[in-house]
Amino acid sequence: MKVSKFTIFEVPFLIPILSRVSRFLGSLLGWSIEGEFPDYPKMMLAAVPHTSNWDFLMFIYAILTKRIQPNVMGKHTLFWWPLSAFMSFFGVVPIDRTKKGGVVEQGIEYFNSVEKTIMLVTPEGTRSYRKEWKSGFYHIAWGAKVPLILCKVNFKTRTIFIGEEFAMTGDYDKDIVGIKEYFKDCAPLIAENFGI
């Protein structure tokens, strides 16, 4: 799996500047962040909710403010020149959904191929209402033996919560109940799109 080692987060002086700007804008708009990202070399971040583009932007705010360096998974079909250079620069990992083994196997392969990475995923998988979440994030974290960290947004209190590591058992059906319990008090921007 070909993944760029030089991303926006390696540009000298850029991240400190973006971090200060992000912190200033967040404070100006009344947003705050509770908790800290753990200091693990590899981890899976499950970000909820994902009911609008604004949800994802709030996680970007947290990422820039805390100066962590995440990757996200993207369709391999997006990796054509010159878009591929842009995608790689922003830390997107190409995933071929038609490949045998699918997303989970490729996700595990990616984690095993690098010494350090933070993978950001949205378990809901779509901004539209979805009662059943996609389970890939869990199976990748379990298969790659990396910590699963839960992060949530509350638009009512304008707070982003960075949770502690979720203790996975390997039983998805059992663990998803506990995972969703943590996210129950999310206050998404578009409540009717939130499947919990």
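Let us look at the structure shown here. (Residues numbered from 1 in each chain as written. Predicted model: local features only at pLDDT ≥ 70, side-chain atom pairs only at ≥ 80, totals over all residues. Heavy atoms only, no water.)

A closer look at the pattern of salt bridges
Moving on, step 1. Applying the stated criterion across every chain yields a total of three salt bridges.
Moving on, step 2. With its nearest N and O atoms 2.8 Å apart, the salt bridge here joins glutamate 36 to lysine 66. Note that glutamate 36 is positioned in the loop between strand 1 (32-34) and strand 2 (42-48) and lysine 66 in helix 2 (residues 53-66), a separation of 30 residues in sequence.
Moving on, step 3. We classify glutamate 36 as exposed; its relative accessible area is 55%.
Moving on, step 4. In this structure, aspartate 185 engages lysine 152 in a salt bridge whose closest nitrogen and oxygen atoms are separated by 2.7 Å. Linking aspartate 185 in the segment after helix 6 (172-182) with lysine 152 in strand 6 (residues 148-154), this pair joins segments that are 33 residues apart in sequence.
Moving on, step 5. Residue class for aspartate 185 comes out partly exposed when judged on its relative accessible area of 46%. (Salt bridge = Lys/Arg side-chain N within 4 Å of Asp/Glu carboxyl O. Helix = DSSP H or I, 4+ residues; strand = E, 2+ residues; numbered from the N terminus. Buried < 20%, exposed > 50% of the residue type's maximum accessible area, 1.4 Å probe, protein only.)

Some details on the environment of alanine 62
Moving on, step 1. Along the chain, the position of alanine 62 falls in helix 2.
Moving on, step 2. Put simply, alanine 62 and serine 27 are 35 residues apart on the chain and 12 Å apart in space, counted from C-alpha to C-alpha.

Observations concerning helix 6
Moving on, step 1. The set of residues buried in helix 6 consists of Tyr172, Asp175, Ile176, Ile179 and Lys180. Around the axis of helix 6, the buried residues are gathered within 140 degrees of arc, so they sit on the same side. Facing away from the buried surface of helix 6 by more than 90 degrees, the exposed residues are Lys174 and Val177.
Moving on, step 2. Tucked inside the fold, the buried residues of helix 6 contact helix 5 (136-144), strand 6 and strand 7 (159-166).
Moving on, step 3. Of the residues flanking the start of helix 6, the one acting as N-cap is aspartate 171, its side-chain oxygen 3.3 Å from the backbone nitrogen of aspartate 173. (Arc of directions from axis to C-beta. Contact = heavy atoms within 4.5 Å. Polar contact = N/O pair within 3.5 Å; in protein donor to acceptor, adjacent residues only side chain to side chain.)

Side note on the sheet that holds strand 4 (residues 92-95)
Moving on, step 1. Spatial strand order, 1-7-6-2-5-3-4: seven strands in an open sheet with mixed pairing. This sheet does not close on itself; its edge strands, each paired only once, are strand 1 and strand 4. For this sheet, the mean angle separating the axes of adjacent strands, direction not counted, is 30 degrees.
Moving on, step 2. In this sheet, strand 7 lies alongside strand 1 in parallel orientation, the contact comprising three bridges. Within strand 7, the residue paired with glutamate 34 across the bridge is phenylalanine 161.
Moving on, step 3. Helix-sheet contacts for helix 6 involve strand 6 and strand 7, and the interaxial angle to strand 7 is about 155 degrees. (Pairing = 2+ DSSP bridges. Axes fitted to C-alpha atoms, helices over the stretch in contact; angles between N-to-C directions.)

Topic: the packing of aromatic side chains
Moving on, step 1. Counted by the stated rule, this structure contains six aromatic pairs.
Moving on, step 2. Taken together, a centroid distance of 5.4 Å and an interplanar angle of 70 degrees make the contact between tyrosine 138 and tyrosine 172 edge-to-face. Residue tyrosine 138 is located in helix 5, and its partner tyrosine 172 is located in helix 6; the two are separated by 34 residues in the primary sequence.
Moving on, step 3. An aromatic cluster of three or more residues is present, and its members are Trp133, Tyr182 and Phe183.
Moving on, step 4. In this structure, lysine 152 is placed above the aromatic ring of tyrosine 182, and the distance from its NZ or CZ to the ring centre is 4.0 Å.
Moving on, step 5. One residue, lysine 180, lies across the ring of tryptophan 133, its end atom 4.9 Å from the ring centre. (Phe/Tyr/Trp six-rings, centres within 6.5 Å; stacked < 30°, edge-to-face > 60°. Lys NZ or Arg CZ within 6 Å of the ring centre and 35° of its normal.)

Observations concerning unusual backbone geometry
Moving on, step 1. Going from valine 48 to proline 49, the amide bond is cis rather than trans, its omega being 5 degrees.
Moving on, step 2. By secondary structure assignment, the location of proline 49 is in the loop between strand 2 and helix 2.
Moving on, step 3. For lysine 145, which is not a glycine, the phi torsion comes out positive at approximately 60 degrees.
Moving on, step 4. Unusually for a residue other than glycine, arginine 158 sits at a positive phi of about 55 degrees.
Moving on, step 5. One can find arginine 158 in the loop between strand 6 and strand 7.

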